[in-house]
Structure formats: structure tokens, C-alpha cells
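# Secondary and tertiary structure notes
Residue-level listing of the chains:
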Amino acid sequence: MQAVSAMTRLRVTLLAMFTALTALWGVACNDEIPSEADGPVTSAPPSGTLFLESAEAAGLTYIQFEAQEPGNCLFDNISRPTEEERHRTLCDAERMTGGAAAGDFDGDGAIDLIVTRMDGHDLLFRNRGDGQFEEVSESSGLSRWELATNGAAWGDIDNDGDLDLFVTTVGDTRHYLFVNEGGVFAEEGIERGAAVDTGDRRIGFSATFGDYDLDGYLDLHVTEWRPSQLVGEAVAGVRLLRNLGAERPGHFEDVTETAGVDMDQVVSQTQSELTEGTFAFGSTFVDLDNDGWPELAVASDFGTSRLFWNNGDGTFSDGTLDARVGTAQNAMGTTFGDYDADGDLDWFVTSVFSFRTGSPGSGEQGLRDGNRLFRNDGDRRFTDATDRAGVRNGSWGWGAAFFDADNDGDLDLTMTNGMEMMPGFDADATRYWENDGSGRFRSRNTDVGLDDIEDGKGLLVFDADNDGDLDVFVVNNASGPLFYRNQSAGAGSWLRVSLAGVTSNRQGLGARVSVFADGLPEQIREAGVSTHFLGQSEDAMHFGLAESESADLVIRWPASGLVTTLNDVPADSWIRVVEGESGYEVLNP
């Protein structure tokens, strides 16, 4: 009874502290989220997809951090009237943390994982090649850095053939860049201009790499969620850092203002009363108009998401309103994929779904908000296809990913969710929607085993055991992770494609790959659009081939514009293609 009483006191304290924040988020904390689907339930055959939670068996065990009670959190709440009420009572930022990134840091052909933590050094889990992991942060030089980190991203910033690591922080005055030197990391964020070192305490979230100016070197975009009225004014931490390229490979300059992607003056599309600050959770460099130049798409809270079109001259234009995107009140997670197989990339954004009536600032009764699925119509225009596709209700959403879970040639969709400190959202079930091949989705959470009710944040997908299907990793806030190993029976054949740029950046990020297989529509992927909210999936591109025994490929390289065509590539193969060379290398272990 004593433990229950303590927990009750904690919940009451948290509820009182977050009343103001709840109003900002525009949802009612006491709403009850029903378990049944929103809309009519139709019968469907059982899914052959199956995931088994295997974190402990795979060696992926850790605690993201130990949650603190108000009074011991990282930030003061300056909106409170007394010093006692202000002092370290703002726990919001840390309760939204939990990141991970997948990448082969040691170049052995097995995808490794870096996970961030708030009260200890980050953990680097090296894949032994069979989907079993060993923790190697000490031997890699990362264990000496006791940081409160959140977002993580792998990227070869200097084109030397290995993956470097960027991490964002919460409560620190800067971010960190770890340069890979033969599997051992040296921190060089300040020296290389990537630290976002303004003297202000940062609340960093996701980071993403991409070559927006097509000079053959990876640039970096960093997001931050920072409500000024609660934590005080600061230099905006949402920054675009341009790689200096051949002049100084792997060094950066801040071009946020000159490139036209400043977020601190953005006006909300959904809230009439919005407090000052920047609220970006996740961003992606992605070509949405098929002109070869990657746009910058930013999922941002309180109706401040933005789509910046690439002008091709180092600058961007804000096209959010004309494109008819950015309408989610509380955009958080973000993922891109051609879910309807029409040859262009669509945009899925997670948000907060509620059955309340009315929404503060909207003036519209009965608004439920929830996720958004923006279908790309071409000509820089999108249609809100959320309800037609059946993917609006994800409760309190965070990380998400499009991926072909069953190798049938179309993209399925998963997302994690939950907000433990908010009553009504403290037991949200992970969502998994199976694409029926027509661009409509069926909810299959329980059928496939993706139905935990943890407080999920970052999410990524990768083929951990090189068996030809994609596994799912979820970071839970203030708890241990979930590793869902894909054990689907009767799944189709597959093709996995890795790239090596020569004129383009070494990873080939921004390359467009089209796959053609008998009986299936054209499938497209773009290298590098795998970054979601606090989760970076592997950079290899995975294609389900259903019953096809081979496939043809067309690869459009970003910086050179070269096109590589490959015919009759055998199914169930992992191949590596080098820019400007004919043929491919088979990487199957």
C-alpha cells in the first residue's frame, strides 16, 4: 500500500504540473481513448506477418533513464509564480526523449545500433552478424562521454567510407559530433561547426543528414522543441548546417537564415493562441517533386510544420500552405514512402488523436485531429488521404515508419505512441497497419504482435539478422526498449540495395531507386529518407518482391545525375551498387 500511495502522489503532482502544457497541446487529458477502431470493422483474412519481442534475447537491454519527480527535473518552469514552484519542476522535455539510430559503424556488413540516454553515456550495440548484439561503447571511445542525449544520426560527413555520429542533447548548451576513426570515435563538434553552441541550454530532438545542395557532401538539419514561455528565450536551435564540402570536408557552416528555413517566426496553421518558441520534432531531406533536388520537410508541434521547396541555388521557399500540408495540430513523427504505388513519395505525420468535442484555437466543434497522411498528387500539391487510408487514430503518436513487413510489394505502416504523464494516454497500444495493396490499411496490431502499451518514442526498422525481412526497434521513455524480430511465415521474396557514391555523397543519400518485378507495380525508394522522430532506420533500401524470382532496377544518382540500370537481379539478394560502375556486388553473408 505504501508503494501505491507514493505512485498516486506522483501522478497527482504530475497532473497539476502539466495542466498548462495540456492546454498547449490542444487535447483533453481526461479523454478516454477506446480500444475499438474508428469506423466500421470489416472482416479480413488472418495476417501471415508475425513479430516476436526479443530485446533481452538479442542482448539489447538497458534503461533509457530514471524518471525524476518535479523538483529534480532538468529545467525550471519560469511561468510559475514562486521560486519553489519554478525550481526544476519542468519535466516535459525529458519525458519526450528516447532515440536510436541503425548503421554499420564498423563496416562488417551487420547493422549496429546506437541508443541515447539521459543519465549515462550512450550505448553502442555491435551486431555480431546474426542479430545478436554486444555493447562496445568503451572500446569505441563513447563511454567517456556522460551526456544527456536524445536524437542520434549516422552519416559519412567526410566521405571517408565510415559512418560518423551526431547526437542532440537536452539540458546541455551544445550538441556533439563523433568522428569515426577506424571504429573509435573522437568528439569534434565545436571544431567542425556542428555543435549549435549558442550558450543556451538546448532541448534537442531529431537530426537528419542529406545533400541538399548536391555538392557530394552531407549537410545536417537539427530540430528542437523549446517553449519560450516555460524555459525562457534562447537563440533558436532548429538549424541547417551546410557541409563545406571539398573545401573542408566534414566541417559545417550555419546557413539557416540565408537558406530561408528559419523556424522561429513560423505562424501556426491550427492554433489561434500559440506561445513563442520553436517546436520542431523531426525533419527529412526528401525529393517530393521529382526534380532531383531534396526538399526540407519538418514535422513541428502546435501547427507549425513546414515544407520548404528546394530552389536549386542553396535556398528554399516555404510552400506549406500551397502544398496543403502542415495541418496536424501536434505533428511529431514523420516518414515518407510511396504507399499508393503511383511513383512519388507521400508523407505520413503522427499527431494526437482525441474524441473530445472542439479544439482550443480551432473554432471547430468535434475536431479529433490525429495523424495525417498526405498523398502526393504531383505539381507540389498534396491531398489529405488520412481517413480514406484509415490511419488517423494513433492516440498520442511519436515515431513512425513505412516498411514492407511481409515482402508483398507494398508499404505497411507502424507507429509508436504514449504519454505516460497524461491520463488517458498512458497505455497507448503500438499501431501497425497492413496495406491491402490499394493504398488502404487494415489495423493488425494484435494479429502481428505489435501491440505493446509502453511509453514509446523513437522507432526504426532494420534487418538485424540479414534474413531478408525488416525488424522493428522501439525506444521507450524511462524504461527498456522493445526489439521486434520479424518471424513472418510465408513472406515473399525480397531485394536489399546499398549504394556507394563517387561523385555523389559516399552513402548515396538522395538517390532514387525504382524496382520492377513481375506482377507488381513499380516500387520506389529514396536513400536517406529513413529518419523518423528520434529514430534513424538503416540506409539500405528494402523491397518486397512477393513471388518474383528477379527484378530490374533503375538508380538515379543525386549529384552526378547518372542513371544505373540493372536487369534480372536475383531475388533474395543484398547488393551493393557503385556510382558510375556497371553491375553490382552481392553482399549476402
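Note that the structure is predicted; figures quoted are calculated from it, not measured.

About the cut-offs
- Residues numbered from 1 in each chain as written.
- Predicted model: local features only at pLDDT ≥ 70, side-chain atom pairs only at ≥ 80, totals over all residues.
- Heavy atoms only, no water.
- Helix = DSSP H or I, 4+ residues; strand = E, 2+ residues; numbered from the N terminus.
- Buried < 20%, exposed > 50% of the residue type's maximum accessible area, 1.4 Å probe, protein only.
- Contact = heavy atoms within 4.5 Å.
- Areas by Shrake-Rupley, 256 points an atom, 1.4 Å probe, with all protein chains shown as cover.
- Pairing = 2+ DSSP bridges.
- Axes fitted to C-alpha atoms, helices over the stretch in contact; angles between N-to-C directions.
- Salt bridge = Lys/Arg side-chain N within 4 Å of Asp/Glu carboxyl O.
- Core = buried A, V, L, I, M, F, W, Y, C linked by side-chain atoms within 4.5 Å.
- Domains from an automatic or database assignment.
- pLDDT = per-residue confidence, 0-100.
- Disulfide = S-S within 2.5 Å.
- Patch = residues over 30% accessible without salt bridge, like charges linked within 9 Å, V, L, I, M, F, W, Y side chains within 5 Å.
- Phe/Tyr/Trp six-rings, centres within 6.5 Å; stacked < 30°, edge-to-face > 60°.
- Lys NZ or Arg CZ within 6 Å of the ring centre and 35° of its normal.

Along the protein, the regular secondary structure elements total 9 helices and 38 strands. Each of the 589 residues in the protein was classed as buried or not, and the buried ones make up 61%. In the protein, of all internal contacts separated by at least 6 residues, the share reaching a separation of at least 24 is 59%. Here the protein has roughly 20,700 Å² of accessible surface; of this, 47% comes from carbon and sulfur atoms.

Pairing is mixed across the open sheet formed by 6 strands, whose spatial order is β5-β4-β3-β2-β33-β32. Two strands bound the open sheet, and with one partner strand each, they are β5 (133–135) and β32 (531–532).

Below, the discussion takes up the environment of V325. Locating V325 in the fold gives a position in the loop between α7 (320–323) and β18 (334–337). Leaving out residues up to four positions away in the same chain, V325 has contacts with Q269, L307, T320, W347, F374 and F382.

This next bit is on the sheet that holds strand β24 (residues 431–435). Read across the sheet, 4 strands follow the order β22-β23-β24-β25 without closing on themselves; strand pairing throughout is antiparallel. Looking along the sheet, the strands with just one partner apiece sit at the ends: β22 (397–403) and β25 (441–443). On average, each strand axis in the sheet is inclined to that of its neighbour by 20°, with strand direction left out of account. Both β22 and strand β23 (residues 412–417) contribute to a ladder of 5 bridges, which runs antiparallel. Along β23, the bridge assignment pairs A400 with M415.

If the charged atoms of two oppositely charged side chains come close together, the side chains can form a pair. Here the structure, examined in full by the defined rule, presents 29 salt bridges. With its nearest N and O atoms 3.0 Å apart, the salt bridge here joins R242 to D213. You can see R242 sitting in strand β12 (residues 239–243) and its partner D213 sitting in the loop between β10 (204–210) and β11 (219–227), a full 29 residues away along the chain. The class of R242 is partly exposed, set by a relative accessible area of 22%. By sharing partners, the salt bridges in this structure join R95, E420, D455 and K457 into a single network.

Grouped together as the largest cluster of nonpolar side chains are 36 residues, with contacts concentrated most on L495, L499 and L553. Structurally, this core is a two-domain feature, drawing no fewer than three residues from each of domain 1 (51–486) and domain 2 (493–586). If we ignore the near neighbours within four places in the chain, the residues touching L499 are R506, Q507, G508, A511, V513, A527, M541, I555, W557 and V577. Judged by nonpolar contacts, the second largest core, of 26 residues, contains A148, V231, M419 and F533.

This part covers the confidence of the model for the protein. Looking at the protein as a whole, the pLDDT averages 90, with 89% of positions reaching at least 70. Note that residues 1–20 has pLDDT below 50 and, in this model, 19 contacts with residues that lie over four places away or in other chains. With pLDDT under 50 throughout, residues 26–43 is counted as low confidence; its partners more than four residues away or in other chains account for 32 contacts.

This part is about the state of the cysteines. In this structure the tally under the stated criterion is 1 disulfide. In this model, C73 is linked to C91 through a disulfide, with the two sulfur atoms separated by 1.9 Å. One quick way to see it: the torsion about the S-S bond of C73 and C91 is about 80°, and its sign makes the bridge right-handed. Here C73 is found in the loop between α3 (55–58) and α4 (83–86), whereas its partner C91 is found in the loop between α4 and β2 (100–103), with 18 residues between them in sequence. Like C73, the residue C91 is buried in the burial classification.

Bringing a nonpolar patch on the surface into the picture now. The grouping of F516, V554 and V563 at the surface amounts to a nonpolar patch, some 230 Å² of accessible area in total. Counting through the fold element by element, F516 comes out in strand β30 (residues 512–516).

This model, assessed by the stated rule, comprises 29 aromatic pairs. Members of the aromatic cluster, connected to one another through ring pairs, are F205, W225, F279, F281, F302, W398 and F533. Against the face of F75 rests R201, its NZ or CZ located 4.4 Å from the ring centre. Over the aromatic face of W574 sits the side chain of R496, whose NZ or CZ is 3.9 Å from the ring centroid.

Once that is clear, we can look at the pairing of strand β20 (residues 372–378). The side chains of a regular strand alternate between the sheet's two faces. One ladder, built from 3 bridges, connects strand β19 (residues 346–349) with β20; its direction is antiparallel. Counted as the bridge partner of F348 is L373 from β20. For β20 and strand β21 (residues 381–384), the ladder comprises 4 bridges, and the chain directions are antiparallel. Each bridged residue has a counterpart across the sheet, and for F374 the counterpart in β21 is D384. Here β20 folds back onto β21 in antiparallel fashion, the turn holding 2 residues, of which D379 has a positive phi close to 55°.

Within the secondary structure layout, G492 lies in the loop between β28 (482–486) and β29 (493–500). Separated by 24 residues in sequence, G492 and G468 have C-alpha atoms that sit 9.4 Å apart. Not counting the four nearest positions on each side in its chain, G492 is found in contact with D406, N407 and A546.

Burial within β29 is extensive, with 8 of its 8 residues counted as buried. Side chains S493, L495, V497 and L499 project from β29 onto one buried face, and the interleaved W494, R496, S498 and A500 project onto a second face that is buried too.

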